[in-house]
Amino acid sequence: MTARERERLERRELYSARSAASIVAAAVVTAVCLYLMFEASMKSLGQDVWIRSPEQWWTWFAGLPQTADPLVLGVGSLAVLALGVYFLLQGVLPGRRARHAIADPRAVVVVDNEVVAATLARRARTEAAVAPGQVMVIVSRSLAEVQLRPTSGIPVDAEAVRAAVEDELRRNRIDPAPRVVVRVSESGVVGQ
């Protein structure tokens with residue numbers, strides 16, 4: 001497998017397609033076009049229009065700045081602008097899935113963030129000598145946040161836990177390795 005093929009496969013697994021946004025945009029445009037075609041065909045057949053003819057819609061739209069309340073017009077314009085920016089960004093920016101790559105010279109290995117979080121939680125739990133329910137790990141693209149609730153009366157060395165979690169990331173060859181933050185709760189739990 002060439003480096004280019006490997007990079008392409010890894011990108012396909014790490015980034016999501018933008019088909020959902022495309023489907024929504026296409027459905028809205030299709031519905032509007034079908035409605036306008038229906039109204040135009042009703043008018044061409046000499047039938048009464050269903051809601052408004054295309055000319056009536058155009059007249060209403062053209063007269064909107066003079067007839068509409070400025071506040072409603074401004075809010076509506078901002079909503080249309082926000083929708084347009086959303087769809088533009090959906091089309092331009094890559095969508096990142098909740099996954100990380102593992103560096104391997106022979107294969108493309110991709111692992112979900114939940115699996116990475118479970119591995120890091122086990123290592124943090126072992127290092128802090130606490131029960132499984134006392135550790136919670138949240139992994140995102142650039143951050144691994146470890147939240148510990150120590151056992152009452154037994155202090156936890158946050159720096160040692162952070163070093164252990166970073167070592168686990170290094171051993172598992174997570175690429176890119178997220179930054180590790182350890183938060184130790186002020187209140188502990190009763191010993192088990």
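Since the structure is predicted, the reported quantities are computational estimates derived from the model, not experimental observations.

Novice: Outline the packing of helix α6 (residues 113-128) against helix α7 (residues 158-171), supporting the account with residue identities and numerical values.
Specialist: Axes are the key here: two packed helices are described by the angle between their axes and the distance separating the axes. For the pair α6 and α7, interaxial distance at closest approach is 9 Å and the crossing angle is 140°. Taken together, the axis directions place α6 and α7 in an arrangement best described as oblique. Once α6 is placed against α7, the crossing between them reads as right-handed. Contact with α6, carried on its side by Val 116, Thr 119, Leu 120, Arg 122, Arg 123, Ala 124, Glu 127 and Ala 128, involves Ala 160, Val 161, Ala 164, Val 165, Asp 167, Glu 168, Leu 169 and Arg 171 of α7 and no other residues of that element. Along the lines of polarity and charge, the residues of the contact of α6 with α7 split into 9 nonpolar, 1 polar and 6 charged.

Novice: Quick one: what's the story with the environment of Asp 175, residue by residue and with numbers?
Specialist: Mapped onto the elements, Asp 175 comes out in strand β7 (residues 174-175). For the pair Asp 175 and Ala 79, spaced 96 residues apart in sequence, the C-alpha to C-alpha distance is 39 Å.

Novice: How would you explain the pattern of salt bridges if you had to name every residue and give the values?
Specialist: What the rule picks out here adds up to 10 salt bridges. A salt bridge links Glu 159 to Arg 162; the shortest N-O distance between them is 2.1 Å. Separated by 3 residues within a single helix, Glu 159 and Arg 162 lie in helix α7, roughly one turn from each other. We classify Glu 159 as partly exposed; its relative accessible area is 43%. Judged by its relative accessible area of 24%, Arg 162 falls in the partly exposed class. One salt bridge connects Asp 167 with Arg 170, and the closest N-O pair in it is separated by 3.8 Å. Taken together, the residues span about one helical turn, with Asp 167 and Arg 170 both in helix α7 at a distance of 3 residues. Each of Arg 122, Arg 123, Asp 167, Glu 168, Arg 170 and Arg 171 takes part in one network of salt bridges that share partners.

Novice: Give a detailed account of the pairing of strand β3 (residues 99-102), specifying residues and quantitative values.
Specialist: As judged from the 4 bridges shared by β3 and strand β4 (residues 109-112), these two strands associate in the antiparallel manner. Pairing of Ala 101 across the sheet is with Val 110, part of β4. Taken together, β3 and the strand that follows it, β4, pair antiparallel across an intervening segment of 6 residues. Pairing analysis gives 2 bridges linking β3 to β7, with the strands arranged antiparallel. Its bridge partner being in β7, Ala 101 is matched across the sheet by Asp 175.

Novice: Which residues make up the nonpolar core, and what values do they have?
Specialist: Core analysis: the biggest nonpolar cluster contains 22 residues, and Leu 120, Val 135, Val 137, Val 146, Leu 148 and Val 161 have the highest contact counts within it. Breaking this core down by element, the ones donating at least two residues are α6, β5 (135-139), β6 (143-148), α7 and β8 (179-184). Among residues more than four places away in sequence, those in contact with Val 161 are Ala 124, Glu 127, Ala 128, Val 146, Leu 148, Val 156 and Val 182.

Novice: Can you break down the sheet that holds β4 residue by residue, with the values?
Specialist: Read from one edge to the other, the open sheet built from 3 strands follows the order β4-β3-β7, with strand pairing classed as antiparallel. The sheet terminates laterally at β4 and β7, the two strands that pair on one side only. Packed onto the sheet, helix α1 (residues 3-14) meets β3 and β4 and runs at close to 155° relative to β3.

Novice: Help me get a handle on the packing of helix α2 (residues 19-44) against helix α3 (residues 54-62), residues and values and all.
Specialist: Where α2 meets α3, the axes come as close as 9 Å, and the angle between the chain directions of the two elements is 125°. Considering their axes alone, α2 and α3 lie oblique with respect to each other. Residues Tyr 35, Leu 36, Glu 39, Ala 40 and Lys 43 of α2 pack against Pro 54, Glu 55 and Trp 57 of α3. For the contact of α2 with α3, the per-class residue count stands at 5 nonpolar, no polar and 3 charged.

Quick notes on the rules
Residues numbered from 1 in each chain as written. Predicted model: local features only at pLDDT ≥ 70, side-chain atom pairs only at ≥ 80, totals over all residues. Heavy atoms only, no water. Axes fitted to C-alpha atoms, helices over the stretch in contact; angles between N-to-C directions. Helix = DSSP H or I, 4+ residues; strand = E, 2+ residues; numbered from the N terminus. Parallel < 35°, antiparallel > 145°, perpendicular 65-115°, else oblique. Left-handed = near helix turned anticlockwise from the far one by under 90°. Contact = heavy atoms within 4.5 Å. Nonpolar A, V, L, I, M, F, W, Y, C, P; charged D, E, K, R; others polar. Salt bridge = Lys/Arg side-chain N within 4 Å of Asp/Glu carboxyl O. Buried < 20%, exposed > 50% of the residue type's maximum accessible area, 1.4 Å probe, protein only. Pairing = 2+ DSSP bridges. Core = buried A, V, L, I, M, F, W, Y, C linked by side-chain atoms within 4.5 Å.

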